[in-house]
2 protein chains.
Amino acid sequence: MTAYIKSVEKLINEFRKLPGIGPKSARRIVFYLLKLTREEILEFSKALVEMKDKVRFCSICFNLSEGEMCSICSDATRDRKKICVVQNVSDVTVIEATGEYKGLYYVLGGLLSPIEDIGPEEIRIPGLVKRVESEGIEEVILALNPTVEGEGTAMYLKKVLQPTGTRITRLASGLPVGGDLEYVDELTVGKALSNRREI
Amino acid sequence: MTAYIKSVEKLINEFRKLPGIGPKSARRIVFYLLKLTREEILEFSKALVEMKDKVRFCSICFNLSEGEMCSICSDATRDRKKICVVQNVSDVTVIEATGEYKGLYYVLGGLLSPIEDIGPEEIRIPGLVKRVESEGIEEVILALNPTVEGEGTAMYLKKVLQPTGTRITRLASGLPVGGDLEYVDELTVGKALSNRREI
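Owing to the predicted nature of the structure, the values given are computational and were not obtained by experimental measurement.

Visitor: Explain the overall build of chain A here, please?
Guide: Counting its regular elements, chain A contains 7 helices and 6 strands. Reading the helices (α) and strands (β) of chain A from amino to carboxyl end gives α-α-α-β-β-β-α-β-α-β-α-β-α. The globule rule puts the C-alpha radius of gyration for 199 residues at 16 Å, and the 22 Å found for chain A is more than 25% above it. Seen through its C-alpha atoms, chain A measures out along the principal axes to roughly 65 × 50 × 35 Å.

As structure tokens, then:
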């Protein structure tokens, strides 16, 4: 499209690389940015680089952190006998948003996958086992996605964590709150049925 | 959410300001950006500032440009007797994408709106009239949105351009290509009916 100029085209392409942004959204965003002041653009640009420069990973749980230890690991009020195991750093914020959990975390950074050649070392499982043993963890909550890889990783974790004697739990599978039986897939309804509880 | 760190939160807020990006998309984008290398982030950040620094508006048609004149106004192969009037710079690229138009443009930058106190001067209408007169334009194509403000602006433009003797046309209203009568609103079907053509 000849109407585009190089610097605009380049920025549209940068936005198109982002997840969930197609060519039309990218164009819309860039035309919106064109209307902003230079100061606003500079702030955006600075926020990008600052995030990259400041963010590191917690040496204990591999959550995002601006220091050696993340805000959760260094929080003395948290229950230090529980570890919630998640796949990604973004999952930590999902669990935190519930307000229901006050323990610690461990971010695997992935799931076991023989096809992609991802074994226990790649997703820091030995480090988790060591932590459970040395810190006398009483419960490990597996908050992994209910997918084939998630199930496989959970099964493996159960196997290697059992010898430590810790309690191992998983997030419940069942109907989403506010969901409608008619629109929920049959596997989920099946899980909800077999996990049914007394009321 | 305590799991977030300041620099990450700040960037999420920057992304949330963009059109079509909600809190979940912003979070997803920022976690994606965290995985990129510093060089990739720098390139993104540079593209933002460069776009702002390099882009200006064409002194003739107010399209985006990196110089005094945009690539369309300075293209000698274009039909210099036709002007297509659009609301925004983004509309130029929409018309260009069709490949059906080889004339020049005029970007109003808005539409007449008594409520918002936008009059003919605010949307550069006097400049358009002057251009039509001095350049001996043979056709002015009004490519404005088929909304109340678009219609109003088109009517006003017709009134002020008629004395110049130029031909004034509008984009056709009717059924979208590939559309389904059942799903098209009745106003559009009505327009399609009154604008029906011999086949």
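Visitor: Please clarify how the nonpolar core should be interpreted in this entry.
Guide: Across soluble globular proteins, you tend to see nonpolar side chains buried next to one another. Of all hydrophobic cores here, the largest spans 78 residues; its most connected members are Phe-15 and Leu-33 of chain A together with Phe-15 and Leu-33 of chain B. Aside from chain neighbours lying at most four places away, what touches Leu-33 of chain B is Leu-18, Leu-48, Met-51 and Lys-52 of chain A together with Leu-11, Phe-15, Ile-41 and Phe-44 of chain B.

Visitor: Looking at this structure, I do not really get the interface of chain B and chain A. What am I missing?
Guide: Chain B puts 56 residues into the contact, and the matching count from chain A is 56 residues. For the chain B and chain A pair, buried surface summed over both sides reaches about 5200 Å², with 71% attributable to carbon and sulfur atoms. Where chain B touches chain A, the interface holds 2 salt bridges. Note that Arg-38 of chain A and Asp-53 of chain B form a salt bridge whose closest N and O atoms lie 2.5 Å from each other. Where chain B packs against chain A, one counts 11 residue pairs in polar contact (both at pLDDT 80 or more). The dominant element in the side of chain B that touches chain A, judged by the number of residues it contributes, is helix 3 (residues 38-54) of chain B, at 14 residues. Here the residues of the side of chain B that touches chain A sort into 30 nonpolar, 10 polar and 16 charged.

Visitor: How should the sheet that holds strand 3 (residues 82-86) of chain A be read in this particular structure?
Guide: Consider a sheet: its strands pair through backbone hydrogen bonds, and that pairing is either parallel or antiparallel. Residues and elements named next belong to chain A. In spatial order, the strands read 4-3-5-6; together these 4 strands make up an open sheet with parallel pairing. The open sheet has two edge strands, strand 4 (104-107) and strand 6 (167-170), and neither has a second partner. Across this sheet, the average inter-strand angle for adjacent strands is 25°, counted without regard to direction. As paired strands, strand 5 (residues 139-142) and strand 6 are joined by 4 bridges and run parallel to one another. Counted as the bridge partner of Leu-142 is Arg-170 from strand 6. Those strands touched by helix 4 (residues 89-98) are strand 3 and strand 4, and its axis lies near 155° from that of strand 4. Packing of helix 6 (residues 148-161) onto the sheet brings it into contact with strand 3, strand 5 and strand 6, and relative to strand 6 it is tilted by some 170°.

Visitor: It is not clear to me how the environment of Ala-154 of chain A should be interpreted in this structure. Could you clarify?
Guide: Residue and element names in this part refer to chain A. When you line up the elements, Ala-154 lands in helix 6. Taking the C-alpha atoms as reference points, Ala-154 and Gly-103, 51 residues apart in sequence, are found 19 Å from one another. Every residue in contact with Ala-154, bar those within four places of it in the chain, is listed here: Leu-142, Leu-144 and Arg-170.

Visitor: What exactly am I supposed to notice about the side chain of Glu-139 of chain B here?
Guide: All names here are of chain B. Here Glu-139 shows up in strand 5 (residues 139-142). Owing to a relative accessible area of 11%, Glu-139 belongs among the buried residues under this scheme. If near-sequence neighbours (up to four positions away) are discounted, Glu-139 is found in contact with Lys-81, Lys-82, Ile-83, Thr-166, Arg-167 and Thr-169.

Visitor: What am I meant to see in the sheet that holds strand 5 of chain B here?
Guide: Residue and element names in this part refer to chain B. The strand order across the open sheet formed by 4 strands is 4-3-5-6, and the pairing between neighbours is parallel. In this open sheet, the two edge strands, each paired with only one partner strand, are strand 4 (104-107) and strand 6 (167-170). Strand-to-strand twist in this sheet, taken as the mean axis angle between neighbours without regard to direction, amounts to 25°. Note that strand 3 (residues 82-86) and strand 5 share 4 bridges and pair parallel. Within strand 5, the position partnered with Val-85 by the bridge is Leu-142. Against the sheet, helix 4 (residues 89-98) engages strand 3 and strand 4, with an angle of about 155° to strand 4. Of the strands in this sheet, strand 3, strand 4 and strand 5 touch helix 5 (residues 125-134), which is tilted by about 160° from strand 4.

Visitor: Please explain helix 2 (residues 23-34) of chain A as it appears in this structure.
Guide: Given 3.6 residues per helical turn, the α-helix brings residues three or four places apart onto the same face. Here helix 2 of chain A is 12 residues long and its end C-alpha atoms lie 17 Å apart, about the 16 Å a rise of 1.5 Å per residue gives. Burial in helix 2 of chain A covers these residues: Ala-26, Arg-27, Ile-29, Val-30, Phe-31, Leu-33 and Leu-34 of chain A. Buried residues belonging to helix 2 of chain A abut helix 1 (6-16) and helix 3 (38-54) of chain A together with helix 3, strand 2 (64-65) and helix 4 of chain B.

Visitor: Explanation requested: the relation of the copies chain B and chain A in the structure shown.
Guide: Here the second copy of the chain follows from the first by a rotation about an axis and a shift along it. Of the two same-sequence chains, chain B is brought onto chain A (RMSD 0.1 Å, axial shift 0.0 Å) by a rotation of 180°. Accordingly, the operation relating the two chain copies is best matched by a two-fold axis. Using C-alpha coordinates, one finds that chain B approaches the rotation axis most closely at Ser-45 of chain B, a distance of 2.3 Å. Looking at chain B, 100% of its interface residues are interface residues in chain A too, so the copies touch through the same face.

Visitor: Hey, could you run me through the packing of aromatic side chains in this one?
Guide: How two aromatic rings sit relative to each other is given by the distance of their centres and the angle of their planes. Summed over all chains, the structure comprises 7 aromatic pairs over all chains. Judged by centre distance (5.0 Å) and plane angle (90°), the rings of Phe-44 of chain A and Phe-15 of chain B are edge-to-face. One end of the pair, Phe-44 of chain A, is in helix 3; the other, Phe-15 of chain B, is in helix 1 (residues 6-16), on a second chain. Each ring, one from Tyr-101 of chain B and one from Tyr-105 of chain B, has its centre 5.3 Å from the other, and the planes form 70°; the classification is edge-to-face. Across the pair, Tyr-105 of chain B and Tyr-101 of chain B agree in class, each one buried. Site record: aromatic cluster; members linked through ring pairs are Phe-15 and Phe-44 of chain A together with Phe-15 and Phe-44 of chain B.

Thresholds, definitions, all that
- Residues numbered from 1 in each chain as written.
- Chains lettered and ligands numbered in written order.
- Predicted model: local features only at pLDDT ≥ 70, side-chain atom pairs only at ≥ 80, totals over all residues.
- Heavy atoms only, no water.
- Helix = DSSP H or I, 4+ residues; strand = E, 2+ residues; numbered from the N terminus.
- Rg over C-alpha atoms; globule rule 2.2 N^0.38 Å.
- Core = buried A, V, L, I, M, F, W, Y, C linked by side-chain atoms within 4.5 Å.
- Buried < 20%, exposed > 50% of the residue type's maximum accessible area, 1.4 Å probe, protein only.
- Contact = heavy atoms within 4.5 Å.
- Buried area = accessible area lost by both parts, 1.4 Å probe.
- Salt bridge = Lys/Arg side-chain N within 4 Å of Asp/Glu carboxyl O.
- Polar contact = N/O pair within 3.5 Å; in protein donor to acceptor, adjacent residues only side chain to side chain.
- Nonpolar A, V, L, I, M, F, W, Y, C, P; charged D, E, K, R; others polar.
- Pairing = 2+ DSSP bridges.
- Axes fitted to C-alpha atoms, helices over the stretch in contact; angles between N-to-C directions.
- Expected span 1.5 Å × (residues − 1).
- Least-squares fit on C-alpha atoms with pLDDT ≥ 70 in both.
- Phe/Tyr/Trp six-rings, centres within 6.5 Å; stacked < 30°, edge-to-face > 60°.

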